[in-house]
Each structure stands twice: as C-alpha cells, then as structure tokens.
Amino acid sequence: MSEDTVTLLTFKAGKVTFQPPSKHLQPLPQKGKITLQKSTDEESPLLSFIWEPRGSSKNDPSVQRDELMIFPGEAEWLPVQQCKTGRVYVLKFNSSSQRSFFWMQDAPSGEILNEISENDLKIATRINTLLEDIDAEEVDISEEQSGASGDDVEMEDLPTTNSNTQQPSSLSNLLSSIVIPSGGNHSNTGTPIHDISDAITAKQMANYVNSLDTSDAKLTNLYQFLPEEIPKTKSELLRVLQSPQFLQGINSLSQTFRSAEGTNIGQLVAHELGLPYRGEGIEAFLRAIRASIQEQKEREREGHE
Amino acid sequence: MSDSGWNTIESDAGVFTELIETLGVKAVQLDELLTLDPTSLSALAPLYGVIFLFKWTQSAASQTTDGGVYVPEVEHEIFFARQKIQNACATQAILSVLMNREEIKLGSALDEFKSFTTGFDGELRGETISNSDLIRSTHNSFSRPTPFVDESIAPRTATDDDDLYHFIAYVPISGTLYELDGLQPAPISHGPCTDDEFPEKVVEVLYRRIARYDASEVRFNLLAVCADRRELWSNIGDFERLERENEKRAEWRRENILRRENFVGLIAEMLKYVVDDVVEKGGDTAFEGIIDQAKEKSAQRYLQSKT
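The residue numbering used here restarts from 1 in each chain and proceeds along that chain's sequence as written. Chain letters start at A and ligand numbers start at 1, both assigned in the order the entries are written. Side-chain atom pairs in this predicted model are given and counted only at pLDDT of 80 or more, local residue features only at pLDDT of at least 70, and totals for whole chains, interfaces and linings cover all residues. The side-chain figures draw on all heavy atoms in the structure; neither hydrogens nor water molecules are used.

Asker: Just to check I follow, could you spell out the pairing of strand β2 (residues 47-55) of chain B for this structure?
Answerer: Each regular strand carries side chains that alternate between the two faces of the sheet. All names here are of chain B. Type-normalised accessible area, obtained with a 1.4 Å probe on protein chains alone, sets the label of each residue: buried when under 20%, exposed when over 50%, and partly exposed for intermediate values. Each helix is a run of H or I in the DSSP string that is no shorter than four residues. Each strand is a run of E no shorter than two, and both are numbered from the N terminus. Of all 9 residues in β2, 9 are buried; the element is thus mostly enclosed. By the bridge criterion, 6 bridges tie β2 to strand β4 (residues 165-173) in an arrangement that is antiparallel. Residue pairing across strands places Ile51 opposite Ala169, the latter belonging to β4. For two strands to pair, DSSP has to find at least two bridges joining them.

Asker: Sorry, what's going on with the confidence of the model for chain A here?
Answerer: Detailed reading of predicted coordinates is not advised where the pLDDT is low. Residues and elements named next belong to chain A. pLDDT expresses, on a scale from 0 to 100, how confident the predictor is about each individual residue. This prediction gives chain A a mean pLDDT of 76; 72% of its residues lie at or above 70. Of the regions scoring below 50 in pLDDT, residues 140-149 engages in 26 contacts with residues more than four places distant in sequence or in other chains. In what follows, residue pairs with any heavy atoms lying within 4.5 Å of each other are defined as contacts. Note that pLDDT drops below 50 for residues 155-188; the model gives that stretch 108 contacts with residues more than four away or on any other chain.

Asker: What is the right way to read unusual backbone geometry from this model?
Answerer: It is generally the case that most residues other than glycine have a negative phi and that most peptide bonds are trans. Residues and elements named next belong to chain B. Geometrically, the link from Ala45 to Pro46 is a cis peptide bond, its omega value of -5° lying close to zero. Position of Pro46 among the secondary structure elements: in the loop between α2 (38-42) and β2. Phi angles above zero are rare outside glycine, and Asp66 is one such case at about 50°.

Asker: Help me understand the packing of aromatic side chains in this model?
Answerer: Given two aromatic rings, one states the distance between the centres and the angle between the planes to describe the pair. When the centres of two rings from Phe, Tyr and Trp lie within 6.5 Å, Trp using its six-membered ring, the rings pair. Their planes under 30 degrees apart give stacked, over 60 give edge-to-face, and anything left gives tilted. Considering all chains together, one arrives at 12 aromatic pairs over all chains under this definition. Centroid distance Phe49 of chain A to Trp77 of chain A: 5.9 Å. Interplanar angle 45°. Geometry classified as tilted. Of the two residues, Phe49 of chain A sits in strand β4 (residues 47-53) while Trp77 of chain A sits in strand β6 (residues 75-79), which places them 28 residues apart along the sequence. Judged by its relative accessible area of 1%, Trp77 of chain A is buried. Here the aromatic rings of Phe52 of chain B and Phe220 of chain B are separated by 5.7 Å at their centres, their planes lie at 35°, and the arrangement is tilted.

Asker: Looking at this structure, I do not really get the pairing of β4 of chain B. What am I missing?
Answerer: All names here are of chain B. Taken across its 9 residues, β4 has 8 buried, putting it largely inside the fold. Sheet topology note: the β4/strand β5 (residues 176-180) ladder contains 5 bridges and is antiparallel. Paired with Ala169 across the bridge in β5 is Leu180. In this antiparallel pair of consecutive strands, β4 and β5, the connection spans 2 residues, and Ser174 shows a positive phi of 45°.

Asker: What am I meant to see in the sheet that holds β5 of chain B here?
Answerer: Two modes of strand pairing occur in sheets, parallel and antiparallel, and in both the strands are linked by backbone hydrogen bonds. In spatial order, the strands read β1-β7-β2-β4-β5-β6-β3 (chain B); together these 7 strands make up an open sheet with antiparallel pairing. What marks the edges here is a single partner per strand, and that holds for β1 (28-33) and β3 (69-70) of chain B.

Asker: Which parts of the structure should I look at to understand the pattern of salt bridges?
Answerer: Here the idea is simple: oppositely charged side chains can pair when their charged atoms come close. In what follows, salt bridge is the name for a side-chain nitrogen of Lys or Arg lying within 4 Å of a carboxyl oxygen of Asp or Glu. For the structure shown, the criterion picks out 37 salt bridges over all chains. One salt bridge connects Arg287 of chain A with Glu288 of chain B, and the closest N-O pair in it is separated by 2.8 Å. Here Glu288 of chain B lies in helix α10 (residues 264-304) and Arg287 of chain A lies in helix α10 (residues 282-304), a pairing that spans two chains. On the accessibility criterion, Arg287 of chain A (26% relative accessible area) is partly exposed. Among the residues examined, Glu288 of chain B registers a relative accessible area of 30% and is labelled partly exposed. Of the charged contacts in the structure, one is a salt bridge between Glu179 of chain B and Arg209 of chain B, with a shortest N-O distance of 3.2 Å. Remark: Arg209 of chain B occurs in helix α7 (residues 198-211) and Glu179 of chain B occurs in strand β5; sequence separation between them is 30 residues. The same class applies to Glu179 of chain B and to Arg209 of chain B, which are both buried.

Asker: What's the story with helix α9 (residues 239-259) of chain B in this structure? I'm lost.
Answerer: One less than the residue count of a helix, multiplied by 1.5 Å, gives the span that helix is expected to have. For α9 of chain B, spanning 21 residues, the distance from its first C-alpha to its last is 30 Å, which sits close to the expected 30 Å at 1.5 Å a residue. Every buried residue of α9 of chain B is accounted for by Leu242, Glu245, Arg249, Trp252, Arg254, Glu255, Asn256, Ile257, Leu258 and Arg259 of chain B. Residues of α9 of chain B that are buried sit in contact with α7 (234-241) and α8 (244-259) of chain A together with α1 (13-23), β1 and α8 (229-236) of chain B.

Asker: Help me understand the confidence of the model for chain B in this model?
Answerer: Residues and elements named next belong to chain B. Of the residues in chain B, 89% reach a pLDDT of 70 or more, and the chain-wide mean stands at 88. Taken together, the stretch residues 150-161 has pLDDT below 50 and engages in 16 contacts with residues farther than four places along the chain or on a different chain. Our summary of model confidence lists the complex with pTM equal to 0.64 and ipTM equal to 0.83.

Structure below.
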C-alpha cells in the first residue's frame, strides 16, 4: 500500500492507555511513531492516522499497527491539559466518543520535559490543519523538527498521570480502535455490507415515493405495508419513510443480518418475504431483491403472451 | 425476545406517558425539560418528581451522593427499589416517583403492586418489579419486534456501543427531597424540601451532579413527572394550550405506533422499487455500482469504528 500513499507527517509518539480501576492514563514505554498519510488511489483522498512501533518492518505481520481513517473535520488533536507530568495528546473524534491518547517522545531541546514544547505545538497545528483539509499546504515543519531523528524522552521521565476528569467508557475504548495488521490492504472486495442504508438510504426511498403520481398503483401497493392506524396517503407514507422509527427499522434489519453470521437467517428472510434465496448477508439480500423484480417482470411478460 | 426478558425501549416522554397510562395510572404525564432551571420546573406544577437520565458511563454512575446522605432506614417506608435489570431501569425510576406520591391515582393493578411490596427492602422490591408480568409486558409492548427471530441465535446483549441510559428519580416525599437511584444501596436524602421548594432545590442538586461530568461527554436529559396538562388547561379554559397539548398527544400516539413496527415488509417493498428504478435507468452497471459503493462505505465505517 506504500505505492498508493503519500506521507504527510511523521513524528515520535508512544501510546497511552487508560487503566479503568485506577483512572490512570498509563503511557506505554514502547518507542513508536505516528504517521499521517494520504491515500492517492481514490477519487476522494482519505487521511490515514497510523501509529506503529519504531524500527518495525512494514511487512512484518506480527507487528501491530493502529490505523484510523479520518474524514475531513472528523477529529481533532488536542493537548490533555489535565496531564501535568508529560506531553500527552488526544486524538478526539467529533462524531463519537472514540479517542486515542499518545505521549510525545521527541525530546524537547533543553526545555522542561513535562511541558508541551514549541515543536509539539507546531506538530499539533499541522495535524489539525491536515485533519481539516488533507490538501493543506505544508507550512513550517521540516522532517528534522518533527521527524524521527531527534533524541527520545525516556519512559522514566514520564510518571503515571492521574486524570479523574476523563470518561472511562470512552477511554476504555481507547486503543481498541482499529488494529490493522501491517501489510493489510484496503481493498474492500471482501467487506460485507454493514448496513442496508450504505446501499440505499431512506432518503432515496422517500425521493422515489415523492416522484410518484398520487394515483400511481405503486402507492396503493405500498400502503398495505403501513401500520393499520396510519392513514393511507402519499404524505403519510412519506412521513413514515422520513421518521426515525423507520430508520431504526432499517438498522434493526441490517443488524439482524450482521448478528446472524454463520446462520441461515437469509433463507428465513427470503422465505418470509417471498424472495429467491441468494445467500446470507445484506449483499445477497439486495441481489435477491433484484432477482425478484426480474422474476416478477418475466411472469408479467408471460402473462401478456 | 423471550417471555421473561426486558426489551430496550426508547427514552421518550411520549413512550413513558403511554406506558403509565396502560398500567392504569390516571392524569399523570411525563414531559421533557429543555432547560434546567427552577422556573421551567415550576411551570409544570403540580409536579410530582423529576427523572434525570444520562448516558451511562462507569464514572458518571460512580457512587457519590452529591452532598446528600444515605438513609437506609427509610427504604422500607418509601418505595425504593434496587436495579436488577438494566432495561427495566426507566420504568423503575418512573414507578419510584408514582408510588411515593400519595395523591396519584395509580389504578388497581399498581395499587395492588404497591401494597404487595409494602415493607420490602430495596433488593426485594427490585426483584418484584423485574418479575412482574404486568409491568414487563407493558414495558415490552413499546419495543420494536425483532425481525426474524431465529431460535438458534443468542439474544443480543448490550455492548459498549449501545447507548445505555441510567435513570434516577428525585421526589419530594413527606417534606424531604429524596434521590432514588437503583444503583445506590439506599435512598439518598438531600434535606428538607416542601413541594413548593422542590423545583429550586432539585435544580441545585442536579447542578452539583452535572458539575461532576465533562459536559461535552455526558449526554443527559430531564423528564418531569407532572399532572396531565390537558386536564389543567381544560379546567382553566385555556383552549389554545389545550389544542397544542392535544396535538402533542396525537404525535406521541403516532410515534408510538411506528415504534412498534419493524417495517420489514415496507423496507423490502421500497427496496424493490428503488432497485428497479436504478436498473431501469442505469442497467446492471448501476446496480453493481450501488453494491460497490455500499462496500466502500462499509469498509470506511469499519475502519473508523473499533473492531
């Protein structure tokens, strides 16, 4: 994957974990580095945030690298103010409570070890710029200032920090965030579809219904799937399709497919809905939907002949 | 879900109001408060109690009394129940308000339940709620039926990804402000408090509680348990407000109807039409495009979330 990526920034940093019982942020002694990469093989380039042990070979499958794909504006890189004994930063996601903590391992030149250094600030500025806009122009950080060449801060310099103000539920998820083995590729051919709305959204459904004439027989057909108490009109159908409860229904059905891995729930669904069986999972379900339309059309053609 | 399980239900004033009405409670409703100040609480008089709910985290639920004191000896006299089942905790918090206010007409079923549990300690009361067929089945009637129950699949249990909410009741009982939290060992007294003083005093206590949390991290919400607004407005002849309240009720009713649906039939039918439309316009390529795009989105979703 190195062919498809451009490295935007590299600096030394170690991981910090959270110890739930004691509410301590615990820096891990392992020497590591953080790399921000841009993937170039896609139309819309994504930012990869990678932590990996230093000196490890990218092709060594036993080395665990943490990699996070980050959308523009989705995350921020912030100093942990509560930590007075080391230079700890958090990668904080705006859309979820997910966060990852790191301690800066570049030794600041002659400054106090436990205070955010000027270089840390420069790195932070650069990261936050990239998190906002992946194509932002490089400003002031040379490989030498930021990169993996300076001296290390040793572990002993960085005592454990008590940080009661943090939320354990999010902290306990800390570094459980995506661990992709080194050398793993991002090709998605094997990825099962996670949610029906990844393929077709409720909004698309509503748009489709909206485009129908009020006298369209398709509406009459759809009305029979509305709850009994709901009036059978186009506007009420649209309200249902736009309701949070309908969205939850889509999520719940998707969840049924996901949690049923290794079972034959797809067969059950196909049977219940009168669909041809095309295998398990959401993709197979969508293919079954497709096939049922074709079958129906063929039947209609035969009927006309 | 199995006959003995408690399903997840949505934390919503409309759900809880219909739930207690189904249990037989008369002229009581729940209302969501958008601001935390004594004035907005006073506006809801007669106010029986409030329910504070927040996204459960280990630290947010830590056993601190926010300046109050445990009063184990009153747990026999007031209705206090230890939480036995996570999913039951909203219903349990609401019962903790209802059962402790003498003026509320509980209806025969809950009256019977109340007298049956008189003298029980918190543990036993919690057990009794968990085992009540009536309360459980009413509670469960507000959850979406699971599509395609396959007996071979273990029921899903809550994970860290789920939003687990915790519910705490604050009620003025016989001149004392009590905090009734099923995760605490006993009721917590926050000192003397008349019904009139309740809005002001409970806000003070809640501010102390909220100050413990990182505001950006913990989502919380406040529900008031108060008298049915419709009766109130109708009694004083405020038809404009009565009309608004009726509209709100109609919307609650509609939402509750939709909550009971899993929409499997409608989803499948809509997918047929939209997929057909896509194929009509763009052929096979367009359909495969949708599948590929879905995989791409799922891959990104996967990379973002934890494994």
